[in-house]
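The chain contents come next:
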Amino acid sequence: MVSKSYSNLLELASGEAPSFGRMRRRIPRIMTVAGIISDLDDDPADSVCSDPSSSSVQRDRIIIVANQLPIRAQRKSDNSKGWIFSWDENSLLLQLKDGLGDDDIEVIYVGCLKEEIHVNEQDEVSQILLDTFKCVPTFLPPDLFSRYYHGFCKQQLWPLFHYMLPLSPDLGGRFNRSLWQAYVSVNKIFADRIMEVINPEDDFVWVHDYHLMVLPTFLRKRFNRVKLGFFLHSPFPSSEIYKTLPIREEILRALLNSDLIGFHTFDYARHFLSCCSRMLGLTYESKRGYIGLEYYGRTVSIKILPVGIHMGQLQSVLSLPGTEAKVSELIKQFHDQGKVMLLGVDDMDIFKGISLKLLAMEQLLIQHPEWQGKVVLVQIANPARGRGKDVKEVQAETYSTVERINQTFGKPGYDPVVLIDEPLKFYERIAYYVVAECCLVTAVRDGMNLIPYEYIISRQGNEKLDKFLGSEPSSPKKSMLVVSEFIGCSPSLSGAIRVNPWNIDAVSDAMDSALEMADQEKQLRHEKHYRYVSTHDVGYWARSFLQDLERTCREHVRQRCWGIGFGLSFRVVALDPNFKKLSMEHIVSAYKRTTTRAILLDYDGTLMPQASIDKSPNSKTIDILNSLCRDKNNMVFLVSAKSRKTLAEWFSPCENLGIAAEHGYFFRLRRDEEWETCIPVADCGWKQIAEPVMKLYTETTDGSTIEDKETALVWSYEDADPDFGSCQAKELLDHLESVLANEPVTVKSGQNLVEVKPQQSQVLSG
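Residues numbered from 1 in each chain as written. Predicted model: local features only at pLDDT ≥ 70, side-chain atom pairs only at ≥ 80, totals over all residues. Heavy atoms only, no water.

As named in an unreviewed UniProt entry, the chain is Alpha/alpha-trehalose-phosphate synthase 6, taken from Citrus sinensis.

Set out below in structure tokens:
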């Protein structure tokens, strides 16, 4: 196999111009005025080749892109045509804007409406939403939306990202190529809508969640230097789970077209980085606290920060008369009757662990009969966001378990479990938080889950609510949390009782501990949680993300960018501004003009691709080298890390080829000349010390090998597990440096290798 980087050397040797046609890059005419875009197509050859001189670092606007707009829509009640639109106060996207609190930043939203808008009304609705709310609606045909959202997102991505493998047709959705194509098509439609409003040199684009994971590729393809952030609100699974996805590399490469990728927890980020390492061969490093991936000259930054709640909204709801009335009602229903309320608030889906919580409640009443008649679990079950057989199964199991527990332990005036499966208004939910002694979150897998945060702020309350609860305003507040280890907010709640939700006995014991815990301990835990939640709100999260995005994109000004690849394999190569592309025309001209030429050719990874199993040259490579060597005006030298014995054998047909073996330690000018060295041949007695150590690591690292050269020893782990191999390489490096401390050698690490060589040869290879 001949590497592309030298496939035209034969033509060069013959003095002919290259056979491929000249490709003239056409720069699309783009006005940096929102909404005016012309002359764009999808050919990567025509993607915008960014010119640093035309850049602007001023931030005017943020375009926030998500599956759903933060808008409520309803038909006018008088049966006339038209819609009434209003902000959805519960939307994270709207809270994000409020949290920024900067009037100098204009926020534009791009997304879908929950309601279907007839084609004849779409233009009018678009204008109203843009003028009134600065929202750009994305209209999708119902069939396409169903295949995209209910099909690929909810039946394939959502289960897999929550660790459910499609081992059978009934257990998660098997991969369906047509649903994937619908997903890609919708992401492309979103990109088209963004194109209508983006000012590519100035605007920041922030894409949210797994519904739009390939959108970064379409945006990067149009504008190579677009300032693009992506935040994943769901878990990212371990590499062993993620690698089962047939389009795993397409999604990874699409995400890497972002400048900044955000995750709620280190675990999610670690899984993503592991997938990039194992499937794409990428490595990451941390510099001054920032994690970065090098991807074709671009640095893709990784952000780890859990989202927060909107403090202002919660505190205003706590002050509503409706909230106070509901709190008063619940106090009469529970406290005044001598009942202690435990609270669960979950969506009715398979990952929220509602049935596990109910089983733990049942176990609590069995093992601690003293709580019978005193403790009530109020379970608020919000409607499921998805639909399908699994939702119906969860509902059926929940209803039957509640009925069994109430029949077994209930008595007149007392039901141990109160199931609320109808939608509650937000202030009603807040009222339940205020009254509940403990909040239980037993999800088996969840991206973040802000329920515990809302509960903590609600328990802090205000002066009016303190009066209802019969406590002094200045008295310390208290709260208790029992949370699953598998939810995103768990690491930030160090005062909570963390549980494995699958361990029913452990959850039951945690519920008992929460009930029995001393008030002073509850107060200390509440204070610790309140300090964190109140200072790490949605505004803190949004500002922190955008600051990191701005920091990451500063390098755009100093880079020259070229788009390469087709479809979802598209990526941008970023180069230093001083980089000059090697012109084939210039090479041919210089070749013809000169009478003495030195041609140095690297072998490993250049003439021979790094991934090739057979490292020996093929007949075409030999023919090209001989063609170059036949010209008496050429001195052709091959440079390689291989041993002189191997190179002499491989290139024996090349009579006039000069070879530099072992990074130039040995060299010869022609086949019939003796090998020479630039420095005296070193004593290699140190090998007797180093080789046994390397053998030890080879035996314990599957896929690793030792290459014994005349002047060096190389331990390679390119075929080993990347994580384990890297870990073993660090240990081996330390081990060798220790045992060879008094030897005249240098121990260094390279790409998938650890090498020991004489100190003199360091000058040659450096």
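### Examining the overall build of the chain
Inclusion rule: Helical segments are the DSSP runs of H or I of at least four residues, strand segments are the runs of E of at least two, and each set is numbered from the N terminus. In this scheme, a residue with accessible area under 20% of its type's maximum is buried, one over 50% is exposed, and one in between is partly exposed, where area comes from a 1.4 Å probe on protein chains only. Should any heavy atoms of two residues lie within 4.5 Å, those residues are counted as being in contact. Surface exposure here means Shrake-Rupley accessible area, sampled with a 1.4 Å probe, where a residue is shielded only by the protein chains that are shown.
Across its full length, the chain carries 25 helices and 28 strands. Buried positions account for 52% of the 766 residues belonging to the chain. Across the chain, every contact between residues at least 6 apart in sequence was considered, and the portion connecting residues at least 24 apart equals 69%. Counting every atom, the chain has about 35500 Å² of accessible surface; 50% of that belongs to carbon and sulfur.

### Looking at the nonpolar core
Just so we agree on the cut-off: Take the buried Ala, Val, Leu, Ile, Met, Phe, Trp, Tyr and Cys residues and link them wherever side-chain atoms come within 4.5 Å; each set so joined is a nonpolar core.
Ranked by internal contacts, the top residues of the largest apolar core, which has 180 residues, are V65, M213, F236, L256 and F272. For this core, the leading source of residues is helix α5 (residues 177–195), giving 10 residues. Those residues within four positions of M213 in sequence are excluded, and the remaining contacts are L157, F161, Y183, N187, F230, L232, I251, A254 and L255. L601, C629, V636 and C654 belong to the second-largest nonpolar core, a separate cluster that totals 21 residues.

### Observations regarding the sheet that holds strand β24 (residues 676–677)
The following threshold applies: Two strands pair if DSSP finds at least two bridges between them.
As summarised here, the arrangement of the five strands in space is β20-β21-β22-β23-β24, forming an open sheet in which the pairing is mixed. The open sheet is flanked by β20 (597–602) and β24, the only strands paired with a single partner.

### Details of the sheet that holds strand β7 (residues 227–231)
Basically, it comes down to this: Axes here mean lines fitted to C-alpha atoms, for a helix over just the part in contact, with angles spanning 0 to 180 degrees between N-to-C directions.
With respect to topology, nine strands assemble into an open sheet ordered β5-β4-β1-β6-β7-β8-β11-β10-β9, the strand pairing being mixed. In this open sheet, the two strands that pair with only one neighbour each are β5 (135–137) and β9 (284–287). Between one strand axis and the next, the sheet turns through 25 degrees on average, direction left out of account.

### Here's the deal with unusual backbone geometry
In terms of backbone geometry, most residues other than glycine have negative phi values and most peptide bonds are trans. Although it is not a glycine, R288 adopts a positive phi angle of roughly 50 degrees. Assignment of secondary structure puts R288 in the loop between β9 and β10 (290–295).

### What about helix α13 (residues 389–409)?
Condition: In this analysis, the expected span of each helix is defined as 1.5 Å times one less than the number of residues it contains. Our arc is simply the arc of the directions from the helix axis toward the C-beta atoms.
For α13, spanning 21 residues, the distance from its first C-alpha to its last is 31 Å, which sits close to the expected 30 Å at 1.5 Å a residue. V391, V394, T398, T401, V402, I405, N406 and F409 are the residues of α13 that are buried. Looking straight down α13, one finds that the buried residues subtend no more than 125 degrees of arc, so they occupy a single side. Along α13, the residues that are exposed and aim more than 90 degrees away from the buried face are K389, K392, Q407 and T408. At its buried positions, α13 is contacted by α12 (354–367) and β14 (417–420).

### A short note on the pattern of salt bridges
For clarity, the threshold we go by: Salt bridge criterion: a side-chain nitrogen from Lys or Arg within 4 Å of a carboxyl oxygen from Asp or Glu.
With the rule as written, the count across this model stands at 37 salt bridges. With its nearest N and O atoms 3.1 Å apart, the salt bridge here joins D723 to R278. Separated by 445 residues along the polypeptide, D723 in helix α24 (residues 722–739) and R278 in helix α9 (residues 266–280) bring together distant segments of the chain. A salt bridge links E454 to R429, with the nearest nitrogen and oxygen atoms 2.8 Å apart. With E454 in helix α15 (residues 451–460) and R429 in helix α14 (residues 426–435), this residue pair connects regions lying 25 residues apart in the sequence. For the pair formed by E454 and R429, the shared burial category is buried. A single network of salt bridges, built from pairs that share partners, joins E437, R459, K478, D519 and K522.

### Considering the confidence of the model for the chain
Condition: On a scale of 0 to 100, pLDDT captures the predictor's confidence in every residue.
On average, residues of the chain carry a pLDDT of 87, and 90% of them reach 70 or more. Under a pLDDT of 50 for its full length, residues 1–59 has, in the predicted model, 122 contacts with residues more than four places off or in other chains.

### Description of the pairing of strand β13 (residues 375–382)
As a reminder of what qualifies: By convention a crossover is right-handed if, when the strands point away from the viewer, the path from the first strand over the helix to the second runs clockwise.
Counting buried positions along β13 gives eight out of eight residues, so the element sits mostly inside the fold. Pairing between strand β12 (residues 340–347) and β13: eight bridges, direction parallel. Residue D347 lies in a different strand from β13, and its bridge partner there is N382. Chirality of the crossover, the property in question, places the unit of β12, α12 and β13 among those that are right-handed. In terms of strand pairing, β13 meets β14 through four bridges, oriented parallel. Looking across to β14, one finds that I380 is bridged to I420.

### Describing the packing of α12 against helix α17 (residues 504–516)
Which entries qualify depends on this criterion: When an angle is under 35 degrees it counts as roughly parallel; over 145 it counts as roughly antiparallel; between 65 and 115 it counts as roughly perpendicular; any other value is oblique. Less than a right angle of anticlockwise turn of the near helix away from the far helix marks a crossing as left-handed, whereas a clockwise turn marks it as right-handed. Ten residue types, Ala, Val, Leu, Ile, Met, Phe, Trp, Tyr, Cys and Pro, are classed as nonpolar, four, Asp, Glu, Lys and Arg, as charged, and the remainder, Gly among them, as polar.
Relative orientation of the contacting elements α12 and α17 amounts to 65 degrees, with a least axis distance of 8 Å. Our classification of the angle between α12 and α17 gives roughly perpendicular. Judged by the sense of rotation from one axis to the other, the crossing of α12 with α17 is right-handed. Residue-level contacts link L356, L359, A360, M361, Q363, L364 and Q367 of α12 to I504, D505, V507, S508, D509, M511, D512 and L515 of α17. Among the residues forming the contact of α12 with α17, the class breakdown is nine nonpolar, three polar and three charged.

### Some remarks on the side chain of E755
Tracing the chain through its elements places E755 in strand β28 (residues 753–758). Residue E755 is classed as buried on the basis of its relative accessible area, which comes to 6%.

### As for the pairing of β12
Counting buried residues in β12 gives seven out of eight residues, a clear majority hidden from the surface. By the bridge criterion, two bridges tie β12 to strand β15 (residues 438–441) in an arrangement that is parallel. Each bridged residue has a counterpart across the sheet, and for L342 the counterpart in β15 is C438.

### Let's talk about the packing of helix α4 (residues 142–161) against α5
Orientation of α4 relative to α5, taken along the N-to-C sense of each, is 115 degrees, at an axis distance of 8 Å. In this structure, α4 crosses over α5, and the sense of that crossing is left-handed. For the pair α4 and α5, the contacting residues are L144, R147, Y148, G151, F152, C153, Q156 and L157 in the first and S178, L179, W180, A182, Y183, S185, V186, N187 and I189 in the second.

### Some thoughts on the packing of aromatic side chains
One pair of aromatic rings is described through two measures. These are the centre distance and the angle between the planes. Selection criterion: Only the six-membered ring of Trp is used, alongside the rings of Phe and Tyr, when aromatic pairs are assigned; centres must lie within 6.5 Å, and planes under 30 degrees apart are stacked while those over 60 apart are edge-to-face, with the rest tilted.
Counted by the stated rule, this structure contains 28 aromatic pairs. Ring centres 5.5 Å apart and planes at 10 degrees place the aromatic pair F145 and Y149 in the stacked group. Of this pair, F145 and Y149 both sit in helix α4, four residues apart, which is roughly one turn of that helix. Ring geometry for W158 against Y210: centres 5.7 Å apart, planes inclined by 35 degrees, an arrangement best described as tilted. Pair noted here: W158 is in helix α4 and Y210 is in the loop between β6 (204–208) and α6 (215–222), with a separation of 52 residues, a long-range link. This pair shows no difference in class: W158 is buried, exactly as Y210 is. Among the aromatic residues, those joined into a cluster by ring pairs are F145, Y148, Y149, F152, F175, W180 and Y183.

### Quick look at the environment of V533
Here V533 is to be found in helix α18 (residues 519–535). Judged by its relative accessible area of 0%, V533 is buried. In sequence terms V533 and L753 are 220 residues apart; their C-alpha atoms lie 46 Å from each other. If sequence neighbours within four positions are ignored, V533 has contacts with I309, M311, Y453, I456 and I457.

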